Amino acid sequence: MVSLTDTEKAMRDGAEGAAVAKAMDLLIRYAEALDAPDFVYCNNIAGVPGSSPQWVKDYYKEDGGDYRAVFSRFDLDSDEVVDVPRMNGFSCHLQGGMDPELWREQGMTEEAFANFRSDEAEVAAHGIQVMKTCTPYLAGNVPVMGEHCAWMESSAVVFCNSVIGGRTNCEGRESTSAAMLAKRIPNWGFHTDAFRKGQHAIKVEVPVDSIFEWGMLGYYTGAAVEDAIPVLSGDISDAALIKHKHFGAAAASSGGVEMYHMVGITPEAPTREVAFGGSDKGETLTYGAKERAEVYERLNAIGSSRDVDYIMLGCPHYSIDQIADAARMLEGRKVHANTELWIFTSRAVKATAMASGYDRILAAAGAKLMTDTCSAISQAVPPGTKVAAFDSAKQTHYLPAIMGIEGWFGTTQDCIDAACTGRWNGGLN
Amino acid sequence: MATTTTRKPDIVIRGRKVVGGVVEGEALATKQTISGWGGVNPMKGEVIESRHELRGVSFAGKILVFPGAKGSSGWSAVFHTSKLAGASPIGMLFTITTTKAALGAVVLRIPSMTDFDIDPVEHIETGDWLRIDADAGEVQVWKGGKP
């Protein structure tokens, strides 16, 4: 049984209102499912609170069919509808379903857009930051080392744990919504020191330096260790935020990696011994030329036609330096008549891109800079898309499966060239 | 739920309750971990992940036996949505405890267990008949279907 403090018992029993009581009830059931001993205090929560398509609201029409009904019945898994107050914790809304301006281009209906606007107004009214991104750490929510967080979004979770040293499990919609009210999350998994230690070693024997190489290593890593914690060492260089972002997203999609160590690079791996909490454990795997070629093949196994209709960049959401790079590659060129190029980012980064003039360069080339969502989340691709290309291993993993289309994976330059020529000419050098 | 079976089970597995309750039904078993968001169509309860051995198969009305959850943090929400669509599993047995699978089981409110004395993924096949008594920490297995 999970142990509760007097304050937590009082919250469960309604001292802070019905919504907090329902939130504690759900968190207690969740803690018991995990066999967690108690809760940690948590004041950094990122989720998708209360947002839902119209059909989910209609499903709860007898409960009012509104934000309140969905938040009570779905997010808090409550048998009854309660008044939902302003959230108590620092709460952020992650990615959403459409671009607030370019939703028509994304194929959304007026009704869906009206629902989106209504949900967003409710989110804001409940004191939740409208970040609308899978990269909260690029939009105003950067945890500190050791901070207990409750985050959704597997790519953000792995970044928080591995690169920042913040502490979060891969939370879900219901647990994050409840934590926004209760400021508690089960003391389990990545909140504890012992759980954060390495379980397998990966020796990197080919140069991993560019974002493309980091992404492939990430995709290999997830498939190799599944949901375990890898300790990587060897020929890894030129670490940067965007490379960790791509590596972690790839490892979280091909496996379930929620934390990784890179010896001498990530904050909880100053040495091999610290990363493992002693001597090496588990298996020792090698990432060499053969493994690298196999990863590339696997990511490109769903590509057949080299006539590309759609290039999607921005998974996870592009940072300002990635937008700057794309703009530089596109300057003076035009997106091919048979091809669409959509680049996804957060509203915060888009504001910087506009201030820096990149939006004009992208628009002049015929590319579209979109926010809030991505093709996989919104299931939005340009009409008639049969073949897409990506510079993200994660998006390559998901979008073709979701949409039933072909997909290619390559460098950002491969993708920009494909956008301008309509032909995929990527290959492994 | 009263047991509808007469023959003694072929296997009895003991484990820990994730979500309490008793349920009987047919197993849908896989040796591969399951992605929720992007790996399952919640409207049909169908696995859609490329290269998954259950691709195209629905878990609606079945007891899902699997090593664990992987992938997106949308796992619980996708399985929760399958419940709204009437396409959720009726019980779950998973070997590896993750926040995704635990939270998914909680919001589905279906009898679920983990931390077993013998691995159900190794001993249960699709089509076997199962009776889960999660509160008692016991799974009864009848090989080859309803006895």
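As a reminder, the structure under discussion sits directly above these lines.
Everything numeric here is computed off the predicted structure, so don't read it as measured data.

## Quick notes on the overall build of chain B
Each helix and strand in chain B was counted, giving three helices and 12 strands. Taken over C-alpha atoms, the radius of gyration comes to 14 Å for chain B, in line with the 15 Å a tight globule of 147 residues would show. Counting only C-alpha atoms and orienting by the principal axes, one finds that chain B spans roughly 40 × 25 × 25 Å. Looking at chain B residue by residue over its 147 residues, the buried ones come to 63%. When contacts within chain B are restricted to residue pairs at least 6 apart in sequence, long-range pairs at least 24 apart make up 67% of them.

## Brief notes about the packing of aromatic side chains
Residues and elements named next belong to chain A. The tally for this structure, following the rule as stated, stands at 20 aromatic pairs over all chains. When the centroid spacing of 4.3 Å and the interplanar angle of 5° are considered together, the rings of Trp103 and Phe113 count as stacked. Taken together, the residues Trp103 in the loop between β3 (91–93) and α5 (110–125) and Phe113 in helix α5 connect sequence positions 10 residues apart. A residue is classified by how much of its surface remains accessible, and Phe113, at 12% relative accessible area, is buried. With 6.3 Å between their ring centres and 75° between their planes, Phe212 and Tyr296 make a pair best called edge-to-face.

## Here we look at the environment of A:Met1
All names here are of chain A. Turning to its location among the elements, Met1 is positioned in the segment before α1 (6–12). Judged by its relative accessible area of 86%, Met1 is exposed. For the pair Met1 and Ile28, spaced 27 residues apart in sequence, the C-alpha to C-alpha distance is 9.0 Å.

## Re the side chain of B:Glu49
Checked against the element boundaries, B:Glu49 lands in the loop between β6 (46–47) and β7 (63–66). Residues contacting B:Glu49, with those up to four places away along its chain left out, are A:His397, B:Ser35, B:Gly39, B:Arg55 and B:Lys70.

## Re the interface of chain B and chain A
At the junction of the two partners, chain B supplies 32 residues and chain A supplies 42 residues. When chain B packs against chain A, close to 3000 Å² is buried across both sides, 58% of that on carbon and sulfur atoms. Three residues stand out in chain B for area buried against chain A, namely B:Trp37, B:Leu84 and B:Thr99, and they jointly supply 22% of the buried area on that side. Its salt-bridge partner being B:Arg109, residue A:Asp79 comes within 2.9 Å of it at the nearest N-O pair. Linking chain B to chain A there are 10 residue pairs in polar contact (both at pLDDT 80 or more). Within the residue set of the side of chain B that touches chain A, elements represented by two or more residues are β2 (16–19), α1 (75–84) and α2 (99–108) of chain B. Residues belonging to the side of chain B that touches chain A are distributed by class as follows: 11 nonpolar, 14 polar and seven charged.

Reading the values: rules and limits
- Residues numbered from 1 in each chain as written.
- Chains lettered and ligands numbered in written order.
- Predicted model: local features only at pLDDT ≥ 70, side-chain atom pairs only at ≥ 80, totals over all residues.
- Heavy atoms only, no water.
- Helix = DSSP H or I, 4+ residues; strand = E, 2+ residues; numbered from the N terminus.
- Rg over C-alpha atoms; globule rule 2.2 N^0.38 Å.
- Buried < 20%, exposed > 50% of the residue type's maximum accessible area, 1.4 Å probe, protein only.
- Contact = heavy atoms within 4.5 Å.
- Phe/Tyr/Trp six-rings, centres within 6.5 Å; stacked < 30°, edge-to-face > 60°.
- Buried area = accessible area lost by both parts, 1.4 Å probe.
- Salt bridge = Lys/Arg side-chain N within 4 Å of Asp/Glu carboxyl O.
- Polar contact = N/O pair within 3.5 Å; in protein donor to acceptor, adjacent residues only side chain to side chain.
- Nonpolar A, V, L, I, M, F, W, Y, C, P; charged D, E, K, R; others polar.

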